[in-house]
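Residue-level structure breakdown
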Amino acid sequence: MEVVDSAERPEVALARRLLEGDSEAFTPFVESFQSKIFQYTWLMCGHREDAEEVAQDTLMKVFESFDQLKDPQNVRSWVFRIAKNYCLMKRRKSVFAPEREYSLDEALPGEDGSVLAAHVVDTAALPDQELLRGELHSHLFDAIRELPDSYRSVLLLRDREGLSTAETAEILDLSEDVVKQRLHRARIALRKSLSSYVAK
Amino acid sequence: MTQPSLQKNPCSEILPLLSQFIDGELGADQCLAIRSHLRQCESCQKVMDALRASIEAAREWLPCEDPSPLSDETRAKLRDALQVALARRQNPNA
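Residues numbered from 1 in each chain as written. Chains lettered and ligands numbered in written order. Predicted model: local features only at pLDDT ≥ 70, side-chain atom pairs only at ≥ 80, totals over all residues. Heavy atoms only, no water.

**Observations concerning the overall build of chain B**
Along chain B, the regular secondary structure elements total 5 helices and 0 strands. Listing the helices and strands of chain B from first to last along the sequence gives α-α-α-α-α. The globule rule puts the C-alpha radius of gyration for 94 residues at 12 Å, and the 25 Å found for chain B is more than 25% above it. Counting the 94 residues in chain B, one finds 38% classified as buried. Pairs at least 24 residues apart make up 52% of the contacts formed inside chain B by residues separated by at least 6 positions. Carbon and sulfur atoms make up 46% of the accessible area of chain B, which amounts to about 5,800 Å² in all. Taken together, the 11 basic and 13 acidic charged side chains of chain B have centroids lying 6 Å from each other. (Helix = DSSP H or I, 4+ residues; strand = E, 2+ residues; numbered from the N terminus. Rg over C-alpha atoms; globule rule 2.2 N^0.38 Å. Buried < 20%, exposed > 50% of the residue type's maximum accessible area, 1.4 Å probe, protein only. Contact = heavy atoms within 4.5 Å. Areas by Shrake-Rupley, 256 points an atom, 1.4 Å probe, with all protein chains shown as cover. Lys, Arg positive; Asp, Glu negative; His and termini not counted. Charge placed at Lys NZ, Arg CZ, Asp CG, Glu CD.)

Following this line, the structure appears as C-alpha cells:
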C-alpha cells in the first residue's frame with residue numbers, strides 16, 4: 001500500500017489527486033500553479049504579455065503531458081522545468097535578447113573580504129522603513145531583471161520559490177555545485193544593486 | 001577540543017561558502033570554523049549580512065503581479081488535455 005505523507009505540500013497532494021482521477025483537484029491545481037508559473041515567467045521574460053503567453057503555454061504542456069509525471073512529489077520541479085523551456089524558446093525568438101550573456105564572474109569583485117564588503121552597503125543603511133517604500137519594488141524588479149538569465153533563474157527558483165539545490169539543478173540541467181556558485185553570486189549582485197539604490 | 005582551522009587566507013576560503021552556510025548546506029566542522037571566523041572578521045560579517053538582506057529581498061519584497069484570469073475556453077482546453085493524458089496513462093497501448 002502506498003504511504004501518503006500527511007505533511008506533503010499542497011501542490012503534491014493536488015497532483016496526486018489529479019493522477020487518481022479526482023476532477024475536483026483541477027481548479028485548485030490550476031490556480032496554484034498559474035500564479036507561481038506567471039511570477040517566474042514575468043521575472044524571466046520582463047514583459048507581462050510574454051509572461052502571460054509563456055505561462056499559458058506551460059500550463060497547456062503540463063496537462064498535455066500529465067501522464068508523464070511519474071512521481072507527484074516532483075510536480076514542482078517538473079512544472080518549472082517545462083516553464084524554463086518555454087521561457088528559453090520565447091527568449092530565442094525575442095529581438096531584445098542579448099547576443100552574449102555576461103557572467104557575474106566578470107561583473108563582481110573577487111572573493112576578497114575587504115574588497116567585496118566595500119561593494120555592499122552596510123545593512124544599517126537599509127532599514128525596514130526604507131524597504132517599505134513602494135519604489136523599492138520597482139527597483140528590485142529592475143535589479144532582478146539586470147541579472148543574467150542563468151543567474152536570475154537560479155535566484156528565483158531557490159530564493160523566491162524555495163526549491164532545493166537538487167531540484168533547481170535538475171530543472172536547469174546544471175550540477176549542484178554550479179547552482180550553489182550562481183546563487184551566491186546572484187545574491188551578492190542583487191544586494192550590490194540595492195546598495196546603489198539606497199546610496200542615491 | 002580544537003576547532004577546525006582555516007588556511008592562510010581565511011576570508012578567501014570563507015566568502016564563497018557563505019551562501020551555503022546560510023542555506024544549511026555545510027557540514028558541522030565547516031559551520032564551526034565559519035562562525036568562529038565571523039566573530040572576528042568585520043568584512044566577512046558584512047558580506048554575510050548583505051547576503052541575508054538579499055535573500056529577504058527576493059523572498060519578501062519582490063513585486064507580485066497577478067496573472068489575468070484564464071478564459072472559460074482556455075480552462076476547457078486544459079481540462080480536455082488532462083483527460084486525454086489521463087486516458088493515455090490508463091491505457092498506454094490505445
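**Let's talk about helix H4 (residues 42-61) of chain B**
Side chains that are three or four residues apart share a direction in an α-helix, a result of its 3.6 residues per turn. A rise of 1.5 Å per residue sets the reference length of H4(B), with its 20 residues, at 28 Å; its end C-alpha atoms lie 27 Å apart and thus fit the reference within 8%. Of the positions making up H4(B), those classed as buried are Cys44(B), Val47(B), Met48(B), Ala50(B), Leu51(B), Ala53(B), Ser54(B), Ile55(B), Ala57(B), Ala58(B) and Trp61(B). (Expected span 1.5 Å × (residues − 1).)

**A word on the packing of aromatic side chains**
Residue and element names in this part refer to chain A. All told, the structure shown has 9 aromatic pairs over all chains when counted by the stated rule. With a centroid separation of 6.4 Å and an interplanar angle of 5°, the aromatic rings of Phe 38 and Trp 42 are classed as stacked. With Phe 38 and Trp 42 both in helix H2 (residues 26-45) and 4 residues apart, the pair spans about one turn of that helix. Taken together, the aromatic side chains of Phe 26, Phe 29, Phe 33, Phe 63, Phe 66 and Trp 78 make up a single cluster linked through ring pairs. Between Arg 182 and the ring centre of Tyr 151, over which it is positioned, the NZ or CZ distance is 5.6 Å. (Phe/Tyr/Trp six-rings, centres within 6.5 Å; stacked < 30°, edge-to-face > 60°. Lys NZ or Arg CZ within 6 Å of the ring centre and 35° of its normal.)

**A closer look at the pattern of salt bridges**
According to the stated counting rule, one finds 19 salt bridges over all chains in the structure shown. Here Arg17(A) ties to Asp22(A) by a salt bridge, and the two come within 2.8 Å at their closest N and O atoms. Judged by its relative accessible area of 26%, Asp22(A) is partly exposed. Across the pair Glu25(B) and Arg158(A) runs a salt bridge whose closest N-O atoms are separated by 3.7 Å. One end of the pair, Glu25(B), is in the loop between helix H2 (18-22) and helix H3 (28-40); the other, Arg158(A), is in helix H9 (residues 149-160), on a second chain. Classification of Glu25(B) as partly exposed rests on a relative accessible area of 28%. Taking relative accessible area as the criterion, Arg158(A) reaches 10% and is therefore assigned buried. Within the structure, one salt-bridge network assembled from shared partners comprises Arg158(A), Asp159(A), Arg187(A), Asp23(B) and Glu25(B). (Salt bridge = Lys/Arg side-chain N within 4 Å of Asp/Glu carboxyl O.)

**Some points on the interface of chain B and chain A**
Across the contact, 42 residues belong to chain B and 53 residues belong to chain A. Here chain B packs against chain A, burying approximately 4,600 Å² in sum over the two surfaces, 62% of which is carbon and sulfur. For the pair chain B and chain A, the number of links is 6 salt bridges. Across the chain B-chain A interface, the total number found is 17 residue pairs in polar contact (both at pLDDT 80 or more). Every element with two or more residues in the side of chain B that touches chain A is listed here: helix H1 (10-14), H2, H4 and helix H5 (72-90) of chain B. Sort the elements by how many residues they give to the side of chain B that touches chain A and H4(B) lands first, with 14 residues. Tallied by class, the residues present in the side of chain B that touches chain A amount to 22 nonpolar, 7 polar and 13 charged. (Buried area = accessible area lost by both parts, 1.4 Å probe. Polar contact = N/O pair within 3.5 Å; in protein donor to acceptor, adjacent residues only side chain to side chain. Nonpolar A, V, L, I, M, F, W, Y, C, P; charged D, E, K, R; others polar.)

**Let's talk about the nonpolar core**
With 64 residues, the main nonpolar core has Phe29(A), Tyr40(A), Phe63(A) and Phe66(A) as its most contacted residues. Top element by residues in this core is H2(A). It accounts for 11 residues. If we skip the residues at most four places from it in the chain, Phe29(A) touches Glu11(A), Leu14(A), Ala15(A), Leu18(A), Val62(A), Phe63(A), Phe66(A) and Val75(A). By size, the runner-up hydrophobic cluster in this structure holds 15 residues, among which are Cys11(B), Ile14(B), Leu26(B) and Leu38(B). (Core = buried A, V, L, I, M, F, W, Y, C linked by side-chain atoms within 4.5 Å.)

**Some points on unusual backbone geometry**
All names here are of chain A. Backbone geometry at Asp 173 places phi at a positive 60°, although glycine is not the residue there. Along the chain, Asp 173 falls in the loop between helix H10 (165-172) and helix H11 (176-199). Under the relative-accessibility criterion, Asp 173 is labelled exposed at 53%.

**Some details on the confidence of the model for chain A**
The predicted model of chain A averages 82 in pLDDT, with 74% of residues at 70 or higher. Note on residues 121-125 of chain A: pLDDT is under 50 here. Beyond four places in sequence and across chains, it has 10 contacts. (pLDDT = per-residue confidence, 0-100.)

**Some details on the confidence of the model for chain B**
Of the residues in chain B, 90% have a pLDDT of 70 or more, and the chain-wide mean is 87. In the predicted assembly, ipTM is 0.82 and pTM is 0.82.

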